[in-house]
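If you want the building blocks of each chain, they are given just below.
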Amino acid sequence: MKILDYLETRRSFLISGSLIGLAALSSPLLLPGCGEKEEKAGEVTAPEDLMREHGVLRRIFLIFDDLVVRLKQEQEFPPAVLTEAATLIRRFIEDYHEKLEEDYVFPRFEKAGKLVDLVETLRRQHHAGRTITDFLLSPAATADRQKLAASLQAFTRMYRPHAAREDTVLFPAFRSVVSPQEFLELGDKFEDQEEARFGKGGYEKIVVQVAGLEQALGIEDLARFTPQVQV
Ligand SMILES: [Fe+2]
Ligand SMILES: [Fe+2]
């Protein structure tokens, strides 16, 4: 490379480097302007947080599905798995996830007069879900296999569309009922509450616990859900 070419290349490099530096300086990551909270890369927003909690719920559906098959086909039934899965539903979904929805999400829609019929149904379903979980955690749960299977099926039948509707209709509309500032602050609030309830890395620990239940039932291999298809 000729010396002039080299200098020109180096000058371009330095200019682009300075521009990148300026861009980085003006990014919200480094300059949160005047105390206003701004969206940061990699930060989990409130709807994202709730959606990934739905992922845990969906994995518990698979556990319930497997328990239903065992109950109906008179196979070996592990009551400890039922109790642990229902306890997770109570602690993580009903007492935490749904409480966030009831305290911070639903009231914003009700106040704004948006999606109120949907919110009313979602509230009623939370109540119905808690009634089923009360039964699943009671000593009576394992006394009648048919009744237990029907309760597990009623739970998953209601919550599959419930979570799907929240993911596809309610949560995407959340930004329209809160200010941009409040939207970001709620993301932080949800994270703080998660840590206060379940400790640091609490979500990850819950996922490990669910994976352990899948393992106990022998349904942990994702590939087992792939159908045999002709190529
Ligand atoms: Fe919900
Ligand atoms: Fe939810």
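Undergrad: Lay out the overall build of the protein in plain terms, naming residues and giving numbers.
TA: A tally of helices and strands in the protein yields seven helices and zero strands. Counting helices and strands in the order they occur from the N terminus, the protein gives α-α-α-α-α-α-α. A separation of at least 24 residues holds for 74% of the contacts in the protein among residues at least 6 apart in sequence.

Undergrad: Outline the environment of L88, supporting the account with residue identities and numerical values.
TA: Here L88 lies in helix α3 (residues 79-112). Its 20 C-beta neighbours within 10 Å are what place L88 among the buried residues. Note: C-alpha distance between L88 and I60 (28 residues apart in sequence) is 8.6 Å. In contact with L88, not counting residues within four places along its chain, are I60, I206, Q209 and V210.

Undergrad: Report on helix α5 (residues 145-170), specifying residues and quantitative values.
TA: Along its 26 residues, α5 runs 36 Å from first to last C-alpha, staying within 8% of the 38 Å computed at 1.5 Å per residue. Residues of α5 that are buried include every one of L148, L152, F155, Y159, A163, E166 and L170, and no others. The inward-facing, buried residues of α5 contact α2 (46-72) and α4 (116-136).

Undergrad: For the nonpolar core, give the residues involved together with the corresponding values.
TA: What tends to happen in soluble globular proteins is that the nonpolar side chains get buried as a cluster. I60, I63, F64, L67, A85, L88 and I89 are the most contacted members of the largest nonpolar core, which totals 22 residues. It is α3 that provides the largest number of residues to this core, a total of seven residues. Of all hydrophobic cores here, the second largest spans six residues; its members include A46, L50, L186 and F190.

Undergrad: Please provide a residue-by-residue account of the packing of α3 against α4, values included.
TA: One can describe the packing of α3 onto α4 by two numbers: an axis separation of 10 Å at closest approach and a directional angle of 160°. Classified by the interaxial angle, the pair formed by α3 and α4 is roughly antiparallel. Where α3 crosses over α4, the two elements pack in a sense that is left-handed. Contacts between α3 and α4 involve L82, A86, I89, R90, E94, E98, E102, F106, F109 and E110 on the former and, on the latter, V116, V119, L122, R123, H126, G129, R130, T133 and L136. The residue makeup of the contact of α3 with α4, split by class, is nine nonpolar, three polar and seven charged.

Undergrad: So what's going on with the environment of T83? Residues and values would help.
TA: Tracing the backbone shows T83 in helix α3. When the C-alpha atoms of T83 and L137 are compared, they prove to be 6.1 Å apart, with 54 residues separating the residues in sequence.

Undergrad: Give me unusual backbone geometry: which residues, what numbers.
TA: Phi at E74 takes a positive value of approximately 55°, unusual for a residue other than glycine. Its location among the elements puts E74 in the loop between α2 and α3. One non-glycine residue, L115, lies in positive phi territory at about 50°. Of note, L115 is situated in the loop between α3 and α4. Taking the number of C-beta atoms within 10 Å as the measure of exposure, L115 has 19 and is therefore partly exposed.

Undergrad: How would you summarise the confidence of the model for the protein if you had to cite specific residues and measurements?
TA: As a note on interpretation, predicted positions should not be read in detail where pLDDT is low. The share of residues in the protein with pLDDT of 70 or more is 82%, and the mean pLDDT across the chain is 87. Low pLDDT, under 50, characterises residues 1-35; the predicted model gives this stretch 13 contacts beyond four residues in sequence or across chains.

Here is what the cut-offs are and how they apply
Residues numbered from 1 in each chain as written. Chains lettered and ligands numbered in written order. Predicted model: local features only at pLDDT ≥ 70, side-chain atom pairs only at ≥ 80, totals over all residues. Helix = DSSP H or I, 4+ residues; strand = E, 2+ residues; numbered from the N terminus. Contact = placed C-beta atoms within 7 Å. Buried ≥ 20, exposed ≤ 12 C-beta atoms within 10 Å, placed from the backbone. Expected span 1.5 Å × (residues − 1). Core = buried A, V, L, I, M, F, W, Y, C linked by C-beta atoms within 7 Å. Axes fitted to C-alpha atoms, helices over the stretch in contact; angles between N-to-C directions. Parallel < 35°, antiparallel > 145°, perpendicular 65-115°, else oblique. Left-handed = near helix turned anticlockwise from the far one by under 90°. Nonpolar A, V, L, I, M, F, W, Y, C, P; charged D, E, K, R; others polar. pLDDT = per-residue confidence, 0-100.

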